[in-house]
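Working through the structure, step by step
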Amino acid sequence: VVLISVVIQPRLQYALANDGLLPPMFGELDSTGNPRKGALFAGVIMVVFATFVPFSYLDDFVSAGILIAFTVTNCSLIIMRRESPESNPKLLPKLLMWFNLFSFLTCLTMSHGHQSQIGWVL
């Protein structure tokens, strides 16, 4: 997972720069078609994090980032494909917010809580 994150980061920056969400410098390609500036920037940031943050935390950060990305993607697809009823136009985003909050709390409880005879507790 970490290797994929390192490999894909410059291309992600390139796509975001082409969409106007990052500075244009990340959208530049070198003579071989690689986003060299994005790769250098991402590499420096990753080396700094790897130097000062313990690996167990980095592992948790990568896992949390992937889960957040999947959640945002899935919620975006639901919003694009479904519509809220006319009587309550903000119902769908509100339900998705509550779903994400309860999902986060469930994951937090299961990863940092302990299991007793009655179930998971903090």
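Residues numbered from 1 in each chain as written. Predicted model: local features only at pLDDT ≥ 70, side-chain atom pairs only at ≥ 80, totals over all residues. Heavy atoms only, no water.

Position of Asp 30 among the secondary structure elements: in the loop between helix H1 (2–18) and helix H2 (36–52). Side-chain polar atoms of Asp 30 contact the backbone nitrogen of Asn 34, separated by 2.8 Å. One polar contact links Asp 30 to Arg 36, side chain to side chain, over a distance of 2.7 Å. (Helix = DSSP H or I, 4+ residues; strand = E, 2+ residues; numbered from the N terminus. Polar contact = N/O pair within 3.5 Å; in protein donor to acceptor, adjacent residues only side chain to side chain.)

Overall, the coordinates contain 2 aromatic pairs when judged by the stated rule. Here Phe 26 and Phe 41 contribute two aromatic rings whose centre-to-centre distance is 5.2 Å and whose plane-to-plane angle is 65 degrees, an arrangement assigned as edge-to-face. With Phe 26 in the loop between H1 and H2 and Phe 41 in helix H2, the pair connects residues that are 15 residues apart, well separated along the chain. The exposure class of Phe 26 is buried, given its relative accessible area of 7%. (Phe/Tyr/Trp six-rings, centres within 6.5 Å; stacked < 30°, edge-to-face > 60°. Buried < 20%, exposed > 50% of the residue type's maximum accessible area, 1.4 Å probe, protein only.)

On to the environment of Ala 15, then. Relative to the helices and strands, Ala 15 resides in helix H1. Each C-alpha atom of the pair Ala 15 and Phe 26 lies 8.5 Å from the other, and the pair is 11 residues apart in sequence.

Mapping Tyr 14 onto the fold places it in helix H1. With sequence-adjacent residues up to four places away left out, Tyr 14 is seen in contact with Phe 26, Gly 27, Leu 29 and Pro 35. (Contact = heavy atoms within 4.5 Å.)

A few words on the pattern of salt bridges. For the coordinates displayed, the defined rule picks out 2 salt bridges. In this structure, Glu 28 and Lys 37 form a salt bridge, with 2.7 Å as the shortest nitrogen-oxygen distance. Note that Asp 30 is salt-bridged to Arg 36, the shortest N-O span being 2.7 Å. With a relative accessible area of 52%, Arg 36 lands in the exposed category. (Salt bridge = Lys/Arg side-chain N within 4 Å of Asp/Glu carboxyl O.)

By secondary structure assignment, the location of Gln 13 is in helix H1. Gln 13 has contacts with Leu 22, Phe 26, Gly 38, Phe 41 and Ala 42, leaving out every residue within four places of it along the chain.

Here the chain averages 80 in pLDDT, and 89% of its residues register 70 or above. When the elements of the chain are averaged for pLDDT, strand E2 (residues 119–121) gives the smallest value, 58, and H2 the largest, 89. (pLDDT = per-residue confidence, 0-100.)

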